[in-house]
Amino acid sequence: MTPSKTPAEILTIGGHEVRISSPDKMVFPEPGLTKLDLVKYYVAVAEGALRGAGGRPMVLKRFPKGIDAEPFFQKRVPENHPDFIDTATLHYASGTSAEEALIRDAAGLAWVVNLGCLDLNPHPVRAEDLEHPDELRVDLDPMPGVDWSQIVDVAYVAREVLEDVGLVGWPKTSGSRGLHILVRIAPQWSYRDVRLAAETLAREVENRAPGLATARWWKEERGESVFVDFNQNAKDRTVASAYSVRALPDARVSTPLTWDEVRTARPEQLTVPAVLERFAEIGDPHAGIDGAVGSLDGLLALAKELGPAEKPPRAGDGSGRRQSVMPLIEVARTKSKPEAAAALGEWKSRHPDVVAALHPADIMIDGMRGSSSLWYRVRVNLQHVPEAERPPQEELIADYDPWAGRQWSGA
């Protein structure tokens, strides 16, 4: 968010006073939305936003330098948080722990927006039971070259699989290019079981829609398909919840839909102004989600039928690292996405004949989670380039180290 000297404004929301610093700070120049506009948006859609994020510990994804700069991820709640912000201590798979923010009302939504948060990133657990998720998350992530109609086709296949195992899926746009399907489950299963159930769902969707959908975890093996991202159910993962505003120039929103709307909805049409109007007219299409709690027994039984998922081969040097079956080269590692794009552009200028043979999904710019922010890795899959014409692995155009200077506990 760009600097501003506008005096702070004190809002009274649900009996709580919330201080909004620099309320006139322009956050989304294209639609002309200020920080105060975003606060008012979240207050207006609070019923729906809290249905997705309320009562759940969340990672604070903060954009202090605006939507064009990289955000940073803050797990630990600020020490000076107000009384109306609850907390919960999460223990991560890495062995670390963090006391995270937990919001329960519209004032809490306003408070996180004032910190520079745009989207809400709650964990799939509630404060009352931090080890047993009550939500399975289906993330339909399109690879480059995939259009909306293919995403929709995969979404309906996923709905069919869920219905076959006695579960109800609730669709929403991701706010970017894909779709999410949320599934309420009884908090009876571990994270490991929930992830296995999600992976089983992904494999069955791929079985029913070969070529359209994939459950392959490794990006270079997916082709131009929709990846059913089961790993979003891992313990350390969060996703943008319902009514989250995404950091795109048009201020689009991760918007709950009915299944009848999925085929005709377009993410770019569901922006903050449009969703405000929509919410005022029809309310929240996911209003019934908490009354549709299901069991994972069907998916876990299917997991046994399918057997273990195929594991990738490992390198023969004793390192235990996965060995790709694809001819990959790495181009760059960068701190920001614009730097990644620039490095890719430089590589393309060096190899114009190779570029002509590449398919859209052969070029991969991956956002990688660092200690508190994203960094970017640029790779190229040469599978569609004749072997004799493939360039060798060269020195990286940029070689950013996201861990440089970090002190490790116990070192």
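Here's a quick rundown of the structure.

So, how was this worked out
- Residues numbered from 1 in each chain as written.
- Predicted model: local features only at pLDDT ≥ 70, side-chain atom pairs only at ≥ 80, totals over all residues.
- Heavy atoms only, no water.
- Helix = DSSP H or I, 4+ residues; strand = E, 2+ residues; numbered from the N terminus.
- Buried < 20%, exposed > 50% of the residue type's maximum accessible area, 1.4 Å probe, protein only.
- Areas by Shrake-Rupley, 256 points an atom, 1.4 Å probe, with all protein chains shown as cover.
- Lys, Arg positive; Asp, Glu negative; His and termini not counted.
- Charge placed at Lys NZ, Arg CZ, Asp CG, Glu CD.
- Phe/Tyr/Trp six-rings, centres within 6.5 Å; stacked < 30°, edge-to-face > 60°.
- Pairing = 2+ DSSP bridges.
- Polar contact = N/O pair within 3.5 Å; in protein donor to acceptor, adjacent residues only side chain to side chain.
- Contact = heavy atoms within 4.5 Å.
- Salt bridge = Lys/Arg side-chain N within 4 Å of Asp/Glu carboxyl O.
- Axes fitted to C-alpha atoms, helices over the stretch in contact; angles between N-to-C directions.
- Left-handed = near helix turned anticlockwise from the far one by under 90°.
- Nonpolar A, V, L, I, M, F, W, Y, C, P; charged D, E, K, R; others polar.

What about the overall build of the protein chain?
And then number 1: When helices and strands are tallied, the protein chain shows 9 helices and 18 strands.
And then number 2: Each principal axis of the C-alpha atoms in the protein chain carries an extent, and together these give about 70 × 50 × 50 Å.
And then number 3: Within the protein chain, the proportion of its 411 residues that are buried is 52%.
And then number 4: Carbon and sulfur atoms make up 48% of the accessible area of the protein chain, which amounts to about 18,900 Å² in all.
And then number 5: Between the averaged position of the 48 positive side-chain charges in the protein chain and that of its 60 negative side-chain charges there is a distance of 3 Å.

What to know about the packing of aromatic side chains
And then number 1: Enumeration according to the criterion identifies 6 aromatic pairs in this entry.
And then number 2: With 5.9 Å between their ring centres and 55° between their planes, W217 and F227 make a pair best called tilted. Taken together, the residues W217 in the loop between β13 (213-214) and β14 (226-229) and F227 in strand β14 connect sequence positions 10 residues apart.
And then number 3: With a centroid separation of 6.0 Å and an interplanar angle of 50°, the aromatic rings of W217 and F230 are classed as tilted. Here W217 is found in the loop between β13 and β14, whereas its partner F230 is found in the loop between β14 and α6 (272-282), with 13 residues between them in sequence.
And then number 4: Looking at W217, the relative accessible area reads 29%, which means it is partly exposed.
And then number 5: On the basis of relative accessible area, F230 is assigned to the buried category, the value being 4%.

Some remarks on the pairing of strand β8 (residues 97-102)
Regular strands place side chains that alternate from one sheet face to the opposite one.
And then number 1: For strand β5 (residues 57-62) and β8, the ladder comprises 2 bridges, and the chain directions are antiparallel. Paired with M58 across the two strands is A101, which belongs to β8.
And then number 2: Summarising the sheet, strand β7 (residues 86-91) and β8 pair through 6 bridges and their orientation is antiparallel. Within β8, the position partnered with D86 by the bridge is L102.
And then number 3: Counting the residues that bridge the hairpin from β7 to β8 gives 5 residues, and of these G95 lies at a positive phi of roughly 100°.

Some thoughts on the side chain of T255
And then number 1: Relative to the helices and strands, T255 is located in the loop between β14 and α6.
And then number 2: When its relative accessible area of 0% is taken as the criterion, T255 is described as buried.
And then number 3: Only 2.9 Å separates the side chain of T255 from the backbone oxygen of V253, close enough to count as a polar contact.
And then number 4: For T255, the contacting residues outside a window of four places in its chain are P171, K172, T173, L270, V275 and R278.

Concerning unusual backbone geometry
And then number 1: Despite not being glycine, S22 has its phi angle at roughly 45°, a positive value.
And then number 2: Position of S22 among the secondary structure elements: in the loop between β2 (16-20) and β3 (26-28).
And then number 3: Using a relative accessible area of 11% as the deciding quantity, one classes S22 as buried.
And then number 4: Within the chain, Y243 stands out as a residue other than glycine whose phi angle is a positive 75°.
And then number 5: With respect to the secondary-structure elements, Y243 resides in the loop between β14 and α6.
And then number 6: Exposure remark for Y243: the relative accessible area of 1% places this residue in the buried category.

Focus on the pattern of salt bridges
And then number 1: Tallied over the full model, the rule gives 26 salt bridges.
And then number 2: As a salt-bridge pair, R126 and D290 come within 3.3 Å of each other at their nearest N and O atoms. Linking R126 in the loop between β9 (121-122) and β10 (135-142) with D290 in the loop between α6 and α7 (297-306), this pair joins segments that are 164 residues apart in sequence.
And then number 3: Because the salt bridges share partners, they merge into one network encompassing R56, R126, D134, E135, R137, R184 and D290.

Focus: the packing of helix α5 (residues 191-208) against α7
And then number 1: Packing of α5 against α7 brings their axes to within 9 Å, and their N-to-C directions diverge by 65°. In the packing of α5 onto α7, the handedness of the crossing is left-handed. When α5 is examined against α7, the residues D193, L196, A197, T200, L201, R203, E204 and N207 are found in contact with a partner set consisting of L299, L300, L302, A303 and L306.
And then number 2: When grouped by side-chain class, the residues that make up the contact of α5 with α7 number 8 nonpolar, 2 polar and 3 charged.

Some remarks on the environment of A301
And then number 1: Note on placement: A301 falls in helix α7.
And then number 2: Expressed as a C-alpha distance, the spacing of A301 and A197, which sit 104 residues apart in the sequence, is 9.1 Å.

So, the sheet that holds β13
Strand pairing in a sheet is mediated by backbone hydrogen bonds. Such pairs are either parallel or antiparallel.
And then number 1: Strand order in this open sheet of 5 strands is β11-β12-β10-β14-β13, and the pairing throughout is mixed. The open sheet has two free edges, formed respectively by β11 (170-173) and β13, since each of these has just one partner strand.
And then number 2: Sheet analysis places β11 next to strand β12 (residues 179-184), joined by 4 bridges and oriented antiparallel. Bridged to W170 within β12 is L182.
And then number 3: Across the sheet, helix α4 (residues 148-164) lies against β10, β11, β12, β13 and β14, angled at about 15° from β12, the strand it touches most.

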